[in-house]
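# Structural overview
Chain residues, written in single-letter form:
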Amino acid sequence: MPVNLTRNAIAMMNSGDVNSKPLVQVVDIKLIGNSQERYRFLLSDSESTQHAMLATQLNEQVRTGRVKKGSIIQLIDYICSTVQNRRIIVVLNMETIIPEYEIIGNPKLPTGSEPEANKSMPNNNLLESSTRSTNNRYSAPAPANKAQSFQPTIQPAYQPPPNYKIQGPIMKNEAPARIIPIAALNPYQGRWAIKARVTAKGDLRRYNNARGDGKVFSFDLLDSDGGEIRVTCFNAVVDRFYNVIEVGKVYLISKGSLKPAQKNFNHLKNEWEIFLESNSTVELCPDEDGSIPRQQFSFRPITEIESAENNSILDVIGIVISVNPSVPILRKNGMETQRRILNLKDASGKSVELTLWGDFCNKEGQKLQEMVDSGLFPVLAVKAGKVNDFNGKSIGTISSTQLFIDPDCPEAQGLRVWFESGGRNTASISISKELMPGGSKNEIRKTLTQIKDEGLGRSDKPDWVTAKATVVFIKTDNFCYTACPLMIGDRQCNKKVTQSGNKRWLCDRCNQEFEECDYRYLLQVQIQDHTGLTWVTAFQEAGEEILGCSAKEMYLLKYELQDDTRFGEIIRSRLFHQYLFRLKIKEELYGDEQRVKITVVKVDKVNYSAESRYLLDMVTKNFPNRKQF
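Let us look at the structure shown here. Note that the structure is predicted; figures quoted are calculated from it, not measured.

Cut-offs used in this document
Residues numbered from 1 in each chain as written. Predicted model: local features only at pLDDT ≥ 70, side-chain atom pairs only at ≥ 80, totals over all residues. Heavy atoms only, no water. Helix = DSSP H or I, 4+ residues; strand = E, 2+ residues; numbered from the N terminus. Buried < 20%, exposed > 50% of the residue type's maximum accessible area, 1.4 Å probe, protein only. Areas by Shrake-Rupley, 256 points an atom, 1.4 Å probe, with all protein chains shown as cover. Arc of directions from axis to C-beta. Pairing = 2+ DSSP bridges. Axes fitted to C-alpha atoms, helices over the stretch in contact; angles between N-to-C directions. Contact = heavy atoms within 4.5 Å. Salt bridge = Lys/Arg side-chain N within 4 Å of Asp/Glu carboxyl O.

## Re the overall build of the protein
- Across its full length, the protein carries 14 helices and 31 strands.
- Of all 629 residues assigned to the protein, the portion counted as buried reaches 45%.
- Of the roughly 33,900 Å² of accessible surface on the protein, a fraction of 49% belongs to carbon and sulfur atoms.

What follows is the structure, encoded as structure tokens:
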């Protein structure tokens, strides 16, 4: 959509206005002058045009191409003078908003402003006098030469208060900034304003770092030109705006600072983020602006998700073909949350798991389950889902994720037509888990000897394999450690803590003391299969699965109750159990020596029925011409 230039800007400047800071367009530029280089502009407000002269200190902006034909500029400091019976705008300071833009409207010259063919532009000396007079525009005009007299054009109504000279820069900055597209924002603009719709609002998060406690939240904006940007607020600014911002509403925002976007957390296609400050303004626009879309998607087919990078953020749309019940999950910080898994498929012939966390399970998740249970298969659009590559590729919700059930968009309509015209009965291949219970589609089975013989873990990226093996030995020294229970953002610190003299626990990272700490497994386990044995490290969840109880329980038995008998019984009872171990293999530096570290990321009890089917399938693939028994 075209940029909205300041309406009637030319007429206002001709009548003596010098305070409105209008947004105008340069429709023509000419170089004039013999002894001194000067540039003449033809400025437009989309309806009328007016000739203007550029102050010589601004010539560099034209030479370097920052201002050219078609540029959208904001006049910061200017005056309109009568020179040789013609009105001329003298531009003393300006700001380039958009370097290149198509000519807006069909502007025409005001009556009497077009110079006659046999007349030239005023000479440089006259313009110098006009420019000098504007440098002290509110003092008495300097004497003009005898050939020409200059009449002051500023009306008394525009005179500033007496203290203007002391507080002039402050008062100038109070003038309202002009609305510009989000795509035109950059850190080099002094003043700007954007009008945009809030498409997503993140949760209020609290954090703790070396500088102390704090809080933060973010929201995403979309304007009528399709530009998107994230806005972030910290601490006192959170108190001002958190309850003001509502998803779907349109706001006028100005006086923020722009910084490079943190792409690890920001999925929007913009290299900048806005950080609101104490002097920032956020005004709700009460009238609905239909030119601003309610949401903007960039959907990826499910088949492309298979090659997407881990932790990348993307949009996906598909038909919901199954929904699992919501189950409680204990987080690392001891808090309980909900998890619900559903499956999406699309016309690419692939399906993917979508994991809903927290409130998504009880809101959209419950509605989706009721629809599928009643025989309906809704279309679900996922905005900002996070890719997970554990055990295949899947999508998970994060705080900025949005779910849209049966959205009104062309992609959803096309997907519905495909599903009803035969896609319902089309088989799809899961990129998350294989449909047969024998194992994951992307699972790589290795024996323990193969891990060593094939040199796994020695490349730049870790290797992920699954091994069926038996626990044969568990080290009981340093089987767990005392960990910091404090939250840093949405994650637990988990750094090792020590006990101080007052019997309180101290975390060096958080620089805080607390009454109770957390206990986390750091198990060293020896596992064995039919080819050999190896040592692996099992952390919290994997350690709990192997030992069948929490690290805190085992710590209390060994060090508080000193019940070595019971402690030993638990350890011995967990030996010689067979599991499917999901292993991460990566070479790490220990001192001056490179060692391959094998970490257990998941432990599953062997389902012998499913394992038998998996082995039979392997036999079929490796011996296709075998005789039937």
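Moving on from the model shown.
## Points about helix H12 (residues 551-560)
- Here H12 has its buried residues at Ala551, Met554, Tyr555, Leu557 and Lys558. Mapping the buried residues of H12 onto a view down its axis gives an arc of 165°, with all of them on the same face.
- Immediately beyond the C-terminal end of H12, within one or two residues, lies glutamine 562, with a positive phi of roughly 50°.

## A closer look at the sheet that holds strand E28 (residues 523-529)
- With mixed pairing, 5 strands are arranged side by side around a closed barrel as E20-E28-E29-E31-E30. Between one strand axis and the next, the sheet turns through 60° on average, direction left out of account.
- Bridge count for strand E20 (residues 463-474) against E28 is 4 bridges, and the pairing is antiparallel. Across the sheet, residue phenylalanine 473 finds its bridge partner in E28, namely glutamine 526.
- Each of E20, E28, strand E29 (532-538), strand E30 (578-590) and strand E31 (593-605) is contacted by helix H11 (residues 540-547), which is oriented at about 55° to E31, the strand it contacts most.

## A short note on unusual backbone geometry
- Of note in the backbone geometry, lysine 255 takes a positive phi value of approximately 60° without being a glycine.
- Examined against the element boundaries, lysine 255 turns out to sit in strand E10 (residues 250-260).
- For aspartate 406, which is not a glycine, the phi torsion comes out positive at approximately 45°.
- In this fold, aspartate 406 is placed in the loop between strand E18 (402-405) and helix H9 (410-420).
- With a relative accessible area of 40%, aspartate 406 lands in the partly exposed category.

## Remarks on the pattern of salt bridges
- This structure, assessed with the given rule, holds 20 salt bridges.
- Between lysine 249 and glutamate 246 there is a salt bridge, with its nearest N and O atoms 3.3 Å apart.
- Taking relative accessible area as the criterion, lysine 249 reaches 33% and is therefore assigned partly exposed.
- The class of glutamate 246 is partly exposed, set by a relative accessible area of 40%.
- Close ionic contact of arginine 424 with glutamate 420 constitutes a salt bridge, the shortest N to O distance being 3.1 Å.
- Assessed through its relative accessible area of 48%, glutamate 420 is described here as partly exposed.

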